[in-house]
Amino acid sequence: AAKKAHKNTLRFYQAELGRETQHRLTLESDLRQALALGQFALHYQPIIALDSGQVVGLEALIRWDHPERGLVSPEEFIALSEENGLIVPIGEWVLATALEDLATLRRMEGMAGLHMAVNISSRQLLEEDFMGMVERELRASGLPGSALQLELTERLFLEEYIHTRRLLADLASRGVNLVIDDFGTGYSALSYLRRLNVHALKVDREFVRDIDRDEDDALLTRAIVSLAHDLQIQVVAEGVEEKQQLDYLKALGCEMAQGYLLARPMPLADLRVYLESRDDHVQLG
Ligand code: C2E
Ligand code: MG
Ligand code: MG
Ligand code: MG
């Protein structure tokens with residue numbers, strides 16, 4: 001009987017594994033077609049300067065509008081697209097679209113200085129032509145390099161340091177600003193902060209969540225802000241959902257913030273309405 005039960009368990013796991021593999025394969029083949037079928041969209045989340053309360057930039061966040069599943073979050077397909085290399089063409093589409101939309105938005109009244117932050121996977125930086133691709137897309141949009149910020153994660157600086165160092169220096173010399181995303185979530189090899197021209201750090205949402213309740217999170221965030229400022233690097237707090245968090249971050253001297261409290265990521269059309277209807281300066285008080 002025990003043997004039989006064991007067999008059944010095994011069969012169950014095999015079926016389960018089969019289903020998972022199947023799911024993954026379906027997702028992968030759907031993903032392969034998504035670009036050609038125009039199923040990707042970008043949502044833009046405003047980045048707010050804490051002193052003035054003004055919108056100073058936007059972060060482009062990809063969405064996959066799947067015909068059966070609806071909007072699929074990048075958490076579900078970015079890792080897969082990094083593994084199979086699809087992130088390269090997808091990432092190029094993201095950059096082209098985000099810059100084109102930024103050029104449109106910059107023509108709105110008072111929006112000429114807006115920047116666009118674009119998330120970049122390390123897989124993209126490994127491409128021989130990455131710099132050429134960025135150059136091409138900047139030229140196509142007519143925007144200066146300083147309109148663009150590339151968000152990279154810390155991990156990159158341990159794994160690919162030698163290869164990427166030169167590339168990042170080239171980007172910086174083109175005026176493109178580098179931002180370290182999800183700062184503090186692991187890996188920290190702090191020396192790169194000094195050697196590279198890092199413009200800003202994004203304090204991860206994980207620290208921000210309990211910043212006004214958890215002593216350790218508060219302490220770490222304070223340390224990150226002071227380290228950044230000593231190195232003349234700006235700090236952006238992400239995932240700000242509550243007024244108390246915002247007040248705390250302001251008191252710490254964070255320059256910028258993003259989060260549902262301030263504004264959610266939204267499609268271009270909604271963003272235009274948001275920017276037009278916003279009476280800047282007053283809201284954050
Ligand atoms: P990220 O770059 O750290 O982006 C911040 C994430 O936090 C976004 O999730 C955003 O929607 C979410 N967020 C913003 N404010 C709040 C808040 O107040 N509360 C909470 N709970 N969440 C908030 P999203 O859009 O699901 O993106 C997840 C991750 O996927 C991004 O993390 C980024 O690593 C990656 N990603 C998104 N778009 C792209 C892309 O175009 N290319 C690449 N390579 N990665 C991307
Ligand atoms: Mg980001
Ligand atoms: Mg982040
Ligand atoms: Mg993240």
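Residues numbered from 1 in each chain as written. Chains lettered and ligands numbered in written order. Predicted model: local features only at pLDDT ≥ 70, side-chain atom pairs only at ≥ 80, totals over all residues. Heavy atoms only, no water.

Enquirer: Describe the coordination of the magnesium ion (ligand 3), listing the residues and the values that go with them.
Expert: Only D181 (OD), D182 (OD), E238 (OE) and E238 (OE) from the protein coordinate the magnesium ion (ligand 3), and they sit 2.1 to 2.5 Å from it. Counting the intervening residues between successive donors of the magnesium ion (ligand 3) yields the motif D-D-x55-E. In this structure, the magnesium ion (ligand 3) is positioned 4.2 Å from the magnesium ion (ligand 2), and both are ligated by D181. Pair noted here: D182 is in strand β6 (residues 177-183) and E238 is in the loop between β8 (234-237) and α11 (243-252), with a separation of 56 residues, a long-range link. (Donors = N, O, S within 2.8 Å, 3.2 Å for Na, K, Ca; no water. Helix = DSSP H or I, 4+ residues; strand = E, 2+ residues; numbered from the N terminus.)

Enquirer: I'd like to hear about the packing of helix α3 (residues 87-106) against helix α12 (residues 268-277), residue by residue, with values.
Expert: Each packed pair of helices is defined by two parameters, the angle between the axes and the distance between the axes. For the pair α3 and α12, the least separation of the axes is 12 Å and the interaxial angle reads 25°. Considered as vectors, α3 and α12 are oriented roughly parallel to each other. The crossing of α3 and α12 is right-handed. Together, D101, T104 and L105 of α3 and L268, L271, R272 and L275 of α12 make up the contact between the two elements. A breakdown of the residues in the contact of α3 with α12 according to their chemical character gives four nonpolar, one polar and two charged. (Axes fitted to C-alpha atoms, helices over the stretch in contact; angles between N-to-C directions. Parallel < 35°, antiparallel > 145°, perpendicular 65-115°, else oblique. Left-handed = near helix turned anticlockwise from the far one by under 90°. Contact = heavy atoms within 4.5 Å. Nonpolar A, V, L, I, M, F, W, Y, C, P; charged D, E, K, R; others polar.)

Enquirer: So what about the side chain of Q149? Which residues, and what values?
Expert: For Q149, the location among the structural elements is in strand β5 (residues 148-153). Engagement of the side chain of Q149 in a polar contact is seen with the side chain of H115, the distance being 3.5 Å. Once residues lying within four places of it in the same chain are set aside, the contact partners of Q149 are H115, M116, A117, V118, N177, V179 and H199. (Polar contact = N/O pair within 3.5 Å; in protein donor to acceptor, adjacent residues only side chain to side chain.)

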